[in-house]
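An overview of the molecular structure
Each chain, written out:
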Amino acid sequence: MTTQKLETQFIHATGVDRETGAVNVPLYLSSTYHQESFDEFGPFDYSRSGNPTRLKLEETIAKLENGTRGFAFSSGMAAISSAFMLLSAGDHVLVSKDVYGGTYRFVTEVLNKFQIDYTFVNMTDLSEMAEAIRPNTKVIYLETPSNPVMNITDIEIAAKLAKANDCLTFVDNTFMTPLYQNPLNLGADLVLHSATKFLSGHSDIIAGLAVTKDAELGTRLGFIQNTFGSVLGAQDAYTLIQGIKTLGARLKQSSASARIIADYLHSHPAIEEVYYPGFRFHPGYPIHERQATGAGAVLSFRLADKEAARTFVESLQIPLFAVSLGAVESILSYPATMSHASMPKEERDKRGITDGLLRLSVGLEHTDDLLEDLEQALQKVRQQTGNAPSLL
Ligand SMILES: *Cc1c(COP(=O)(O)O)cnc(C)c1O
């Protein structure tokens, strides 16, 4: 079974319903469960602790990430926050510098209230990471590729460093999904997903997932999931299972378009820089190529300034201008006021999240239509800046 390709597993991991043969997982809308015996209770008692629909999803993501336990939460941030609750007062965490804005906010404004200390480090630099480790460091938390400037962290090396120092490694795998990257296989202890993005894929639900391999860590996270209680509802669990089935086809198609668009933007004179981990000249390329099997469908690029970004966004016809990513629709975001609005400007600038930076999550529209739309919007940018010998 494990020799099956992930695309096959996406479709068949949940299996058919044993009782009825139903092709889709039954939707169990039940908060509580009747107990037949006075003395011995069944596998389900209350849906915060466990729901059969949610369990199918949790078993599925555990399988896909090559873990042993999966956990479904009401959002990516609920999954991430719950994972951080494995820590105790007096502990210290290393967090990658260009972490998701909501994670940055959780670490700097919530964790600190519980006397959990943190250091943001540039995780592309192993010595900076090693030097930041303290005797009380318990977790190395990373995202690779990072959001939005696509820095690559070597998961295997980070996990080795963590193990040597008695720390756990948490990896936010939202951008790559299990199709392209399996952090547990590289030594990570806990994998996190905003399943709101590629895993569900249709801009319809907010959901989070976590996967562990170690049994004891799984038990501890399960305890937190049940105790903190930010679980995913059964309806959304069902929707997410359906989304995962088409993940392979969706992500491969979007990634193929993203590659073409990245090349196009890279060659365009109005674009100052393109951040895309599939470029051979990307500084993290050799590491990314070793640890992931695809470059993904998200890229960022820099226009001259805020005015250029505004003109560009206002001229585009196809992509939605919205927060989020990983959907069938192409989504263009402006990190400075969207995903990273909770980060002070000074911190944003340090991370390259400048006023000209835009992030594009490539959807499933025809690549030619997307290219044509980008081209006409960039022409408007060049007309505005007035220095425009036509490209064509
Ligand atoms: C969106 C996102 C999150 C947060 O997930 P929600 O489902 O919005 O709570 C965390 N990490 C990354 C990389 C994300 O893109």
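Computed from a predicted model, the values in this text were never measured in an experiment.

Moving on to the domain arrangement of the chain. Domain annotation of the chain identifies domain 1 (6-245) and domain 2 (248-382). On a C-alpha basis, the centres of domain 1 and domain 2 stand 26 Å from each other. Counting residues at the interface gives 39 residues for domain 1, matched by 43 residues for domain 2. Linking domain 1 to domain 2 there are two salt bridges. In this structure, Arg290 and Asp154 form a salt bridge, with 3.2 Å as the shortest nitrogen-oxygen distance. In this structure, the connection of domain 1 to domain 2 is made through 17 residue pairs in polar contact (both at pLDDT 80 or more). Secondary-structure elements contributing two or more residues to the side of domain 1 that touches domain 2 are helix H1 (6-12), helix H4 (101-109), helix H6 (155-164), helix H7 (177-180) and helix H9 (234-245). Sorting elements by how many residues they give to the side of domain 1 that touches domain 2 places H4 first, with four residues. Per-class residue counts for the side of domain 1 that touches domain 2 are 19 nonpolar, 13 polar and seven charged.

Here we come to helix H3 (residues 76-84). An α-helical turn contains 3.6 residues, so a residue and the one three or four places further along point in the same direction. H3 sits mainly inside the fold: eight of its nine residues count as buried. The backbone nitrogen of Met77 lies 3.3 Å from a side-chain oxygen of the residue at the head of H3, namely Ser75.

Turning our attention to the pairing of strand E9 (residues 298-302). As a general feature of sheets, a regular strand has side chains that alternate between the two faces. In terms of burial, E9 is largely enclosed, as five of its five residues are buried. Of the strand pairs in this sheet, strand E8 (residues 273-275) and E9 are connected by three bridges, and their pairing is antiparallel. Paired with Val274 across the strands is Phe301, a residue of E9. In this structure, E9 lies alongside strand E12 (residues 357-361), joined through five bridges in antiparallel fashion. Note on E12: the bridge partner recorded for Arg302 is Leu357.

Across all of its chains, the model carries 11 salt bridges by this definition. Where Arg134 meets Asp117, a salt bridge forms, and the shortest distance between an N and an O atom there is 3.1 Å. Highlighted residues: Arg134 in the loop between helix H5 (126-132) and strand E4 (137-143) and Asp117 in strand E3 (residues 117-121), separated in sequence by 17 residues. Residue Asp117 is classed as partly exposed on the basis of its relative accessible area of 36%.

On to the nonpolar core. Considering soluble globular proteins, one finds that nonpolar side chains tend to be buried as a cluster. Within the largest apolar cluster, 37 residues are counted, with the highest numbers of intra-cluster contacts made by Leu57, Leu199, Leu209 and Leu240. Going through the elements one at a time, H1, helix H2 (52-64), H7, strand E7 (208-212), H9 and helix H10 (247-266) are the ones with two or more residues in this core. Here this core spans two domains, and each of domain 1 (6-245) and domain 2 (248-382) adds at least three residues to it. Excluding anything up to four places from it in sequence, Leu209 contacts Leu57, Ile61, Phe71, Ala72, Ala79, Val191, Leu192, His193, Ala195, Leu199 and Leu240. Formed by 31 residues, the second largest nonpolar core is a distinct cluster that contains Ala270, Leu299, Ala336 and Leu358.

Definitions and cut-offs
- Residues numbered from 1 in each chain as written.
- Predicted model: local features only at pLDDT ≥ 70, side-chain atom pairs only at ≥ 80, totals over all residues.
- Heavy atoms only, no water.
- Domains from an automatic or database assignment.
- Contact = heavy atoms within 4.5 Å.
- Salt bridge = Lys/Arg side-chain N within 4 Å of Asp/Glu carboxyl O.
- Polar contact = N/O pair within 3.5 Å; in protein donor to acceptor, adjacent residues only side chain to side chain.
- Helix = DSSP H or I, 4+ residues; strand = E, 2+ residues; numbered from the N terminus.
- Nonpolar A, V, L, I, M, F, W, Y, C, P; charged D, E, K, R; others polar.
- Buried < 20%, exposed > 50% of the residue type's maximum accessible area, 1.4 Å probe, protein only.
- Pairing = 2+ DSSP bridges.
- Core = buried A, V, L, I, M, F, W, Y, C linked by side-chain atoms within 4.5 Å.

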